[in-house]
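Residues per chain are reported as follows:
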Amino acid sequence: MMKSVGFIGWRGMVGSVLLDRMKEEKDFNNIIPIFFSTSQIGSTVPNINSSFINKVLYDAFDISLLQEQDIILTCQGTNYTKKIYDKLRSSGWEGYWIDSSSYLRTRNDSCIVLDPVNYDLIINKINEGFKTFVGGNCTVSLMLLALGGLFNDKLIEWISVATYQAASGAGSKHMFELLKQMNFLSKYIDLDLKNDLSSNILSIDRKVTNLINSDRLPKNNFKVPLVGSLIPWIDKTFSYGISKEEWKGQFETNKILGMDNENLFLIDGICVRISTLRCHSQYFTIKLKHDIHINDIIQIIYNHNKWVKIIPNDSESTISKLNPSVTSGTLDIPIGRIRKLNIGKKYLSAFTVGDQLLWGAAEPIRRMLNILIKQ
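Residues numbered from 1 in each chain as written. Predicted model: local features only at pLDDT ≥ 70, side-chain atom pairs only at ≥ 80, totals over all residues. Heavy atoms only, no water.

S.K.: What's the story with the side chain of Ser37 in this structure? I'm lost.
M.R.: With respect to the element layout, Ser37 can be found in strand S2 (residues 31-37). A distance of 3.1 Å separates a polar atom in the side chain of Ser37 from the backbone nitrogen of Ser39. Setting aside chain neighbours within four positions, we find Ser37 in contact with Arg11, Leu57, Tyr58, Asp59 and Ala60. (Helix = DSSP H or I, 4+ residues; strand = E, 2+ residues; numbered from the N terminus. Polar contact = N/O pair within 3.5 Å; in protein donor to acceptor, adjacent residues only side chain to side chain. Contact = heavy atoms within 4.5 Å.)

S.K.: Looking at this model, I keep getting lost on the side chain of Asn54. Mind explaining?
M.R.: Relative to the assigned elements, Asn54 resides in the loop between S2 and strand S3 (58-59). With a relative accessible area of 4%, Asn54 lands in the buried category. At a separation of 3.0 Å, a polar atom in the side chain of Asn54 contacts the main-chain amide nitrogen of Phe35. Separated by 2.7 Å, the side chain of Asn54 and the backbone oxygen of Val56 make a polar contact. Excluding its chain neighbours within four sequence positions, the residues that come into contact with Asn54 are Pro33, Ile34, Phe35 and Val45. (Buried < 20%, exposed > 50% of the residue type's maximum accessible area, 1.4 Å probe, protein only.)

S.K.: Is there a simple way to explain unusual backbone geometry in this structure?
M.R.: Trans is the prevailing form of peptide bonds, just as negative phi is the prevailing case for residues other than glycine. The backbone phi angle of Asp235 is positive, close to 75°, even though this residue is not glycine. Its location among the elements puts Asp235 in the loop between helix H9 (197-212) and strand S9 (237-239). Despite not being glycine, Arg337 shows a phi value in the positive range, around 50°. Tracing the backbone through its elements, the reader meets Arg337 in strand S14 (residues 333-340). You can call Arg337 partly exposed: its relative accessible area is 35%.

Honestly, it's all geometry; don't read function into it.
As structure tokens, then:
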């Protein structure tokens, strides 16, 4: 018997990517989709090829309607989950809750899902009676897909990571703000660029720098200019000198992998926002538990999952295949710059890129939905 699935937050970036993927994979053929809204109740539902779909949008705050769903899948964000989740559970609802937001990740009764990495753990949690499944932090999920083989074989002692995260990781308003900053800057120096660059490039540079440091660029969301710059702090402060985004690296990695406190993977680093629109990049310094030949390392990484793509560590391959522009909109997880470091035989470097709106957000919860509808 097909399960009824309530969708909330399907208009946003992650929700839109999710619906596109579900249409592409024909996932709607296997469920009874019910669409809810927090702000446009009674409006038209999305164009989904399903005879079971409701004709108008239902109220996403109506507990009685939510109780009728076997599964609820929300991309609405933390604020909605805070308002509804506990109230719905307290009403006696025992359905499955799938969430793309971070609010429930730290709870003991939730499971962070990334099935190419922790499928067995997910199945164990379902069998144990878990009902709440949450997508993980985008950079953590992308790291685990890229380095899954090394994690799976317990070869990693610690990782120091530097993330280079796109504007879209902060939300659609931040993407628009970056584009507005780009547009403003382009118009500001348009006439200068039509002149001989060899004679005035330094004056253009001073002009651009003065603009970026002025109050004229739109910066209501990032609070500082991102165009022509970067922001080496993401999310709120977790503890002294550590952002919450950086804290998530070790906590979520070990929860996804089901590690206990005695056998934690040690992970730390710095998270940086850069002026790309989509795709997060990461550089890893990895200490292995023992010396392994570089060819064996590459083979272990390659064999873990079908999405990881090894990029040869040469100039041409790296600059053409290991970047956000070629990765955006794909499920590929390219990883390159894999080499041993001069500091020791156990030390390894690697660089990876992944579309955080796909594998970092929508795809893990889409796949989790499919696991549940087969139960």
